[in-house]
Amino acid sequence: MDYFYYILPIFIFANVTAFTPGPNNIILSTTAIKYGFYKTIPQIFGIFFGFLSMLTICLFGLGKIFLIYPSLFWVIKIISSIFLLYLAYKIFNSKSFTDSDNYKPITFFHVYFLQIINPKGVMVQITAASLFLQGTFTYQLEFFLIFICFAFSTITSGITWALIGHGLKKIIHDQNKIIVFNKFMAIALVSCIVLIII
């Protein structure tokens, strides 16, 4: 029963933070609606392994560097904002779902390394390490339980958001609707930037 009460808040926190809209989820949906679910698989795994790599670093205690040197977090915010603005620009100006000149699926490595400069992800990882490494159980067991909860939430949210995009691909066929959708997704990505900077 002690395990249940320890895991429950971690599980809820991991899923709420993973499923809420953010850069990763918008990228997955946009790719799926343009190219189908299959093309999002490298991105899903890039997010999965990238996020869990950063979580591991934070659980080992290196996340405290951001607490000691908060200016590093601003550097990450600026770099990620520039990258996301570039993506938003490309999506905004895309006129179709298969306009390869304007938008190509982001690779595994691009998405993997995006996790290093994703402020939402970094804050979630630092928070998880700070809140849930409590000393209730052994360090190794707590590390494992936190890791498993986030592994589950990261992969399921990635698949869910990609399936949402794939489902929309079957509904939206009209050129005008495609343009409106692309502009909406670009604006959503820009709104993430605003939330990152605040």
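What you are looking at is a predicted structure, and each value in this text was computed from that prediction instead of being measured. Residue positions are given per chain, counting from 1 as you read along its sequence in written order. With the structure being a predicted model, the display of local features is reserved for residues of pLDDT at least 70 and the display and counting of side-chain atom pairs for 80 or more, all residues being used for whole-chain, interface and lining totals. Each side-chain value is derived from all of the structure's non-hydrogen atoms; neither hydrogens nor water enter the calculation.

Enquirer: Break down empty space enclosed by the protein for me, citing the residues and quoting the values.
Expert: Throughout, the protein atoms alone are placed on a 1 Å grid, and a set of points is a cavity if a 1.4 Å probe fits but cannot get out or a pocket if it is open with protein on both sides within 12 Å along at least five of seven lines; lining residues have an atom within 4 Å of a point. Grid points are joined across faces, edges and corners, and a volume is the space filled by probe spheres set on the points. Under the criterion given, the structure shown has 1 cavity of 30 Å³ or more. Of the volumes computed, that of the largest cavity is approximately 220 Å³. If you list the elements that add at least two residues to the lining of the largest cavity, you get helix H1 (2-19), helix H2 (23-35), helix H3 (41-59), helix H7 (119-132) and helix H8 (139-171). At 5 residues, H8 tops the list of elements feeding residues into the lining of the largest cavity. Split by residue class, the lining of the largest cavity holds 8 nonpolar, 10 polar and 1 charged. Secondary structure elements follow DSSP: runs of H or I of four or more residues count as helices, runs of E of two or more count as strands, with numbering from the N terminus. Each residue receives one of three labels: charged for Asp, Glu, Lys and Arg, nonpolar for Ala, Val, Leu, Ile, Met, Phe, Trp, Tyr, Cys and Pro, and polar for the others, Gly being one of them.

Enquirer: How would you explain the packing of aromatic side chains if you had to name every residue and give the values?
Expert: For this analysis, a ring pair means two rings from Phe, Tyr or Trp (six-membered ring only for Trp) whose centres lie within 6.5 Å, classed as stacked if their planes differ by under 30 degrees, edge-to-face if by over 60, and tilted for the remaining angles. Within the structure shown, the criterion is met by 15 aromatic pairs. Pairing phenylalanine 48 with phenylalanine 49 gives two aromatic rings, centres 5.1 Å apart and planes at 80°, and the pair type is edge-to-face. Exposed residues in this analysis have more than 50% of their type's maximum accessible area, buried residues have under 20%, and partly exposed residues fall in between, with area computed by a 1.4 Å probe over protein chains only. Residue class for phenylalanine 48 comes out buried when judged on its relative accessible area of 15%. Relative accessible area serves as the criterion here: at 42%, phenylalanine 49 is assigned to the partly exposed category.

Enquirer: Tell me about the packing of H1 against H8, and name the residues and values.
Expert: Angles run from 0 to 180 degrees between N-to-C directions of axes, and those axes are lines fitted to C-alpha atoms, restricted for helices to the stretch in contact. Axis separation between H1 and H8 bottoms out at 9 Å; the angle between their running directions is 35°. Considering the relative orientation of H1 and H8, their crossing is right-handed. Here the contact of H1 with H8 is composed, by residue class, of 16 nonpolar, 7 polar and 1 charged. By convention, the crossing between two helices is left-handed when the near helix turns anticlockwise from the far helix through less than a right angle, and right-handed when the turn is clockwise.

Enquirer: Tell me about H2, and please be specific about residues and values.
Expert: Under the convention used throughout, the expected extent of a helix is 1.5 Å for every residue step, that is, one less than its residue count. Taking 1.5 Å as the rise per residue, H2 with 13 residues should run 18 Å; its terminal C-alpha atoms sit 18 Å apart, in good agreement. Considered for burial, the residues of H2 that qualify are Pro23, Asn24, Asn25, Ile26, Ile27, Leu28, Ser29, Thr30, Thr31, Ala32, Ile33 and Lys34. Of the residues flanking the end of H2, it is glycine 36, one or two places downstream, whose phi is positive at about 95°.

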